[in-house]
Amino acid sequence: MLARRWEALVQETSQIRTRTKNLTLSIGAADSIQTYVLPAMYKELSKYSKQIEIRIRTQQSTELNQLLERGEIDIAFANLEQPMPNMLVKKFLAERMIVISRGKLPVANNTLTDHELDTSNQLFFEWNPSFRAWYDRWIGDRNYPPIRLDAASLIETFMDS
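The structure reproduced in this document is the subject of the present report. Please read all numbers here as calculations on a predicted model, not as lab measurements. (Residues numbered from 1 in each chain as written. Predicted model: local features only at pLDDT ≥ 70, side-chain atom pairs only at ≥ 80, totals over all residues. Heavy atoms only, no water.)

Pairing analysis gives seven bridges linking strand 1 (residues 23–29) to strand 2 (residues 52–58), with the strands arranged parallel. Bridge pairing in strand 2 links Thr24 to Glu53. (Pairing = 2+ DSSP bridges. Helix = DSSP H or I, 4+ residues; strand = E, 2+ residues; numbered from the N terminus.)

Printed below as a string of structure tokens:
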């Protein structure tokens, strides 16, 4: 880890002489946010790429907080709200959790209670600690599914199985 950071510093130092851009914006985000929320913002930011060097990193939420603390990124979009000293933390987006199914759900009025969920063919998506706590409380006693994911982009890949 230290060797990689040292190597990056050496490379940055050698590039200082050839840089023409004055500003650098380093953005870190969780995979699901990178994939489904930020592309429109990135497209808009790319219009300014001649004036601003844009760096994008995809990491887990806890790693993003560490990168912010070390000054390696300027802003982070994480799934986990974690208060940090000397950092401004604001909610960017909130959504309801929903059930996705290729088959028909046996529910009336599009309402499904926790205990009605058929967990025999589920995918477990490790969304954030709040979701994990909810899952452990309401569903976890029925065993974790054999397929666990940590990237939203993989959900569709496993939907048929």
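Let us keep going from here.
Mapping Ser32 onto the fold places it in helix 2 (residues 31–36). Among the residues examined, Ser32 registers a relative accessible area of 7% and is labelled buried. Beyond its immediate stretch of four places on either side in the chain, Ser32 contacts Val37, Asn79, Trp127 and Ala152. (Buried < 20%, exposed > 50% of the residue type's maximum accessible area, 1.4 Å probe, protein only. Contact = heavy atoms within 4.5 Å.)

One finds Ile27, Ala29, Ala30, Ile33, Leu38, Tyr42, Leu45 and Phe77 forming the largest nonpolar core, which totals eight residues. Looking at this core, the elements with two or more residues in it are strand 1 and helix 3 (39–46). Residues within four places of Leu45 in sequence aside, it is in contact with Leu25, Ile27 and Ile54. (Core = buried A, V, L, I, M, F, W, Y, C linked by side-chain atoms within 4.5 Å.)

Turning our attention to a nonpolar patch on the surface. On the surface, Tyr36, Val37, Phe92 and Leu93 cluster together into a nonpolar patch covering about 410 Å² of accessible area. Relative to the elements of secondary structure, Phe92 occurs in the loop between strand 3 (75–77) and strand 4 (124–125). (Patch = residues over 30% accessible without salt bridge, like charges linked within 9 Å, V, L, I, M, F, W, Y side chains within 5 Å. Areas by Shrake-Rupley, 256 points an atom, 1.4 Å probe, with all protein chains shown as cover. Salt bridge = Lys/Arg side-chain N within 4 Å of Asp/Glu carboxyl O.)

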